[in-house]
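# Structural overview for review
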Amino acid sequence: METFIQTFITGILTGGLYALIGIGLNMVFGVMRVVNFAHGALVMVGMYLTWLAFSFLGIDPFVSLFITLPVMFVFGIVLQRVFIAPLLKAPEFNQILLTEGLGIILVNVALLLFSGNYQLVNPSGPLYDDVLRLGGVVLDYKRLVAFFIALILTGALFWFLSRTDIGKSMRATAQDREAARLMGINVRRVSELAMGIGVAMAGAAGTLLTPIYQRVEPFIGAPFTLRAFVVIVLGGLGSITGATVGGILLGLVEAFAGAYNPTFLGGAGAAPIYGFLIFLAVLLFKPSGLFGGSRL
Amino acid sequence: MAYMEFGPAARARRRRGYVLSAIIVFALAVLPIVLVEVQGRRANSTLALLISMITAAGLGTAWNILGGYAGQLSLGHVAFYGLGAYASGLLIEKLGVTSWLGLLVGPLIGGLVALGIGWITFRLRGPYFTLSTIAIAEIIFLLSKTLEPITGGSSGLSWDLNQSRFWPRDPQWLFGPTPGRVPYYWIALAITVIAVIISWKIAHNKLGFYLRAIREDQDTAATIGINNTRMKLTALVISAMLVALIGAFRANFEGAIAPDTVLVRSKSLEIVLFAIIGGMGTVWGPVIGGVLLTLVGEALRGIGEANQLVYGVLLVLVIFFLPGGLLGGAKTLLARLTTRRANQTNQPAALREA
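Values in this document were obtained by computation on a predicted structure and should not be read as measured data. (Residues numbered from 1 in each chain as written. Chains lettered and ligands numbered in written order. Predicted model: local features only at pLDDT ≥ 70, side-chain atom pairs only at ≥ 80, totals over all residues. Heavy atoms only, no water.)

## Quick word on the overall build of chain B
When helices and strands are counted, chain B shows 16 helices and two strands. Taken over 354 residues, chain B has a buried fraction of 51%. Sequence separation of 24 or more characterises 78% of the internal contacts of chain B that already satisfy a separation of 6 or more. Split by element, the accessible area of chain B, about 16400 Å² in all, is 66% carbon and sulfur. (Helix = DSSP H or I, 4+ residues; strand = E, 2+ residues; numbered from the N terminus. Buried < 20%, exposed > 50% of the residue type's maximum accessible area, 1.4 Å probe, protein only. Contact = heavy atoms within 4.5 Å. Areas by Shrake-Rupley, 256 points an atom, 1.4 Å probe, with all protein chains shown as cover.)

## Describing the pattern of salt bridges
Under the criterion given, the structure shown has 11 salt bridges over all chains. Two residues, Arg181(A) and Glu178(A), come together in a salt bridge whose shortest N-O distance is 3.5 Å. Of the two residues, Arg181(A) and Glu178(A) both sit in helix H8 (residues 177–182), three residues apart, roughly one turn of that helix. Residue classification places Glu178(A) among the partly exposed residues on the basis of a relative accessible area of 46%. The closest approach of N and O atoms between Lys145(B) and Asp260(B), which form a salt bridge, is 3.9 Å. Here Lys145(B) is found in helix H5 (residues 126–146), whereas its partner Asp260(B) is found in helix H12 (residues 259–262), with 115 residues between them in sequence. Overall, Lys145(B) belongs to the partly exposed group, its relative accessible area being 27%. Several salt bridges converge on common partners, so that one network encompasses Arg81(A), Arg188(A) and Glu192(A). (Salt bridge = Lys/Arg side-chain N within 4 Å of Asp/Glu carboxyl O.)

## Considerations on the confidence of the model for chain B
In this model, chain B carries a mean pLDDT of 85, and residues with pLDDT of at least 70 account for 88%. We note a pTM of 0.89 for the whole complex and an ipTM of 0.88 for its interfaces. (pLDDT = per-residue confidence, 0-100.)

## Things to note about unusual backbone geometry
Residue and element names in this part refer to chain A. The phi torsion at Arg33 lies on the positive side, around 60 degrees, for a residue other than glycine. Using a relative accessible area of 33% as the deciding quantity, one classes Arg33 as partly exposed. The phi dihedral of Gln214 falls on the positive side, at around 65 degrees, and the residue is not glycine. Within the fold, Gln214 resides in the loop between helix H9 (187–213) and strand E4 (215–216).

## Section: the interface of chain B and chain A
Contacts between the two partners involve 40 residues from chain B and, on the opposite side, 39 residues from chain A. For the chain B and chain A pair, buried surface summed over both sides reaches about 3400 Å², with 84% attributable to carbon and sulfur atoms. Among the residues of chain B in contact with chain A, Leu131(B), Ile319(B) and Phe320(B) are the three that bury the most area, contributing 17% of the side total. Summed over the shared surface of chain B and chain A, the number is one salt bridge. Put simply, Arg265(B) and Glu100(A) hold a salt bridge, and the shortest N to O gap is 3.1 Å. Breaking the side of chain B that touches chain A down by element, the ones donating at least two residues are helix H2 (43–69), helix H4 (99–121), H5, helix H13 (265–278) and helix H15 (308–321) of chain B. The biggest single contributor to the side of chain B that touches chain A is H5(B), with 14 residues. Per-class residue counts for the side of chain B that touches chain A are 27 nonpolar, nine polar and four charged. (Buried area = accessible area lost by both parts, 1.4 Å probe. Nonpolar A, V, L, I, M, F, W, Y, C, P; charged D, E, K, R; others polar.)

## Some words on the nonpolar core
The biggest cluster of nonpolar side chains holds 186 residues, and the ones touching the most others in it are Met44(A), Leu97(A), Leu157(A), Met170(A) and Phe249(B). With 15 residues, H2(B) is the single largest residue contributor to this core. Once you skip the residues sitting within four places of it in the chain, Leu157(A) turns out to touch Ile23(A), Met27(A), Ile197(A), Met201(A) and Ile240(A). Counting residues in hydrophobic clusters, the runner-up holds five residues, among them Val137(A), Leu139(A), Leu144(A) and Phe147(A). (Core = buried A, V, L, I, M, F, W, Y, C linked by side-chain atoms within 4.5 Å.)

## What about a nonpolar patch on the surface?
All names here are of chain A. On the surface, a cluster of nonpolar side chains totalling about 520 Å² of accessible area is made up of Met1, Phe4, Ile5, Phe8 and Tyr260. Here the element with the most residues in the nonpolar patch is helix H1 (residues 2–32); it accounts for three residues. Relative accessible area serves as the criterion here: at 72%, Met1 is assigned to the exposed category. (Patch = residues over 30% accessible without salt bridge, like charges linked within 9 Å, V, L, I, M, F, W, Y side chains within 5 Å.)

## Digging into the packing of helix H2 (residues 39–57) of chain A against helix H3 (residues 65–84) of chain A
Two quantities define a packed helix pair, namely the angle between the axes and the distance from one axis to the other. Residues and elements named next belong to chain A. Put simply, H2 and H3 touch, their axes get as near as 10 Å, and they point 140 degrees apart. Between H2 and H3, the interaxial angle falls into the category oblique. Handedness of the crossing formed by H2 with H3: right-handed. Seen from H2, the contacting residues are Leu42, Val45, Gly46, Leu49, Thr50 and Ala53; seen from H3, they are Ile67, Thr68, Val71, Met72, Phe75 and Leu79. (Axes fitted to C-alpha atoms, helices over the stretch in contact; angles between N-to-C directions. Parallel < 35°, antiparallel > 145°, perpendicular 65-115°, else oblique. Left-handed = near helix turned anticlockwise from the far one by under 90°.)

## Remarks on the pairing of strand E2 (residues 131–134) of chain A
Residues and elements named next belong to chain A. Examined bridge by bridge, E2 and strand E3 (residues 137–140) share four bridges and lie antiparallel to one another. Across the sheet, residue Arg133 finds its bridge partner in E3, namely Val138. Here E2 folds back onto E3 in antiparallel fashion, the turn holding two residues, of which Gly135 has a positive phi close to 65 degrees. (Pairing = 2+ DSSP bridges.)

## A closer look at the side chain of Thr61(B)
Residue position: Thr61(B) is located in helix H2. Look past the residues within four positions of Thr61(B) in its chain and what remains in contact with it is Ala195(B), Val196(B), Ser199(B), Pro286(B) and Val287(B).

## Quick notes on the packing of aromatic side chains
Residues and elements named next belong to chain A. Taken as a whole, this structure holds 19 aromatic pairs over all chains when the rule is applied. Measuring from ring centre to ring centre gives 5.3 Å for Phe37 and Phe229, while their planes differ by 45 degrees; the resulting arrangement is tilted. Residue Phe37 is found in the loop between H1 and H2, and its partner Phe229 is found in helix H10 (residues 222–235); the two are separated by 192 residues along the sequence. The two residues Phe37 and Phe229 agree in class, both being buried. Between Tyr48 and Phe114 the ring centres are 4.6 Å apart and the planes differ by 15 degrees, which places this aromatic pair in the stacked class. Placement of the pair is Tyr48 in helix H2 and Phe114 in helix H4 (residues 92–114), with a sequence separation of 66 residues. (Phe/Tyr/Trp six-rings, centres within 6.5 Å; stacked < 30°, edge-to-face > 60°.)

If you want it as structure tokens, here you go:
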């Protein structure tokens, strides 16, 4: 029973981070209909920024969010201006290949700059060393903090999209790009903003993951591209609430598969397979997502 | 031109094409004998490179049937490559049967799995299809890594190369004492020639027209009575079987398989790049792309870990500046030159050959 509760809570905590990654991808897809295959690589960039801030400036990994968010936001806008915007009208085929190519470039630039070795991020202090004991259940404080920061970011984004004028114009653009343009919304600006926020969310997720992983390497982001897609397909493309639920669902599925998958089926190492199988099943039987509906 | 043209001039041109192709294949088949004569023992490393170039051309050609003709972007083709390699490797390592059987069983398994995958994924379009291919490749990768009793886990399987020899012994009267890669070379060449012939046949056949119609617009294709799912499935199965065949061959040639060599994600991308850089949707583009990119890769081996950077940069550059690949670019250039020349004569435009 204790294993069960432990697994359940771990799943939810990881799921919060998956949700954040999925939401970033969702922003970009919702507003521009561009599927960003470089998303996982952007998570990796966020992790490297955190490592740089930690090991050269001595900044606490969680505090480095104040660096990651703005830097990645600007990076997103640059990517948008230079690469994505010129291909917005190109066939989807080319857009996918372009973002895939950008992902490869990011990973290999990291490889060139920092080598393929693990770079350690091992801060000490009560936040990082201590655990919370509730009966037989043991929880890392850092996981809890990462989860709550992810929740705050998600909530802030939700508020931004539903309450502010710019947020509303983003949702309008997501619903109908042409109509939004006719209503006087600067669609180009909105797209840049969406990419900026999407990339910043990926970077923030990277920052929050760093103290949990405690290490960074160039290929660490690769699994997150696919995970992000699983999240948004589960939750329905374009929906923030959907992505949050989808992220937590995926976190739970992976946690339980990791804890309970029998050895003859590959054990814990094969746990991600369950997420992918659910992904395929959802695509097959309910392509609009489990909670499909509104976009953004 | 990718479609069939008629009339005496076209027929003559086609006949010239057949003769030229036959001459090239013959020259390629004789090449290793010359190499062994000239280079002696050193010929083996040259042959290894040539085999890589030939299989790359085959892989690009196979991917192109689905990706180029039908416009379905698979980023998970390594799954079929790996399935072929594992099927054939398991046959040798566990059962010790002849390598030829692997070349048969590998594609069969690849084709069967492709049928299943197609059934699931071809209801989906665009990014969903692409994502499913990645997900399935990832599932197979993880299975190969974790089902240790069967697959040997992360370290994979290996066997004595003598077990996976297509010839009992190299014909000594032909190559002297060099322990040879020549038979492997011939098999690789045969496989790639078969792939190119199939690709050419499809391009000039009804199936090719259907696939291109689907690529241009799935809804319109359906409206004019094309069974989209069936056609896409056909393209996928052919493509998968060819890739699995090459994977099976590669396993025999290397004498070892492991998840990180035959199922690694970057291999999928490499296959796509062969086709895209050469020229998607054409018969010869993927061949040219495969050969050139393998040479580039060989030249870049010295750079070390980050050699994939070049692939990424090439991909972005091609998407931006040369969407038709090298072949497309060359055609545009040629067309521009000939138009200029044609404009100088006073022939009416309608009489000019397209």
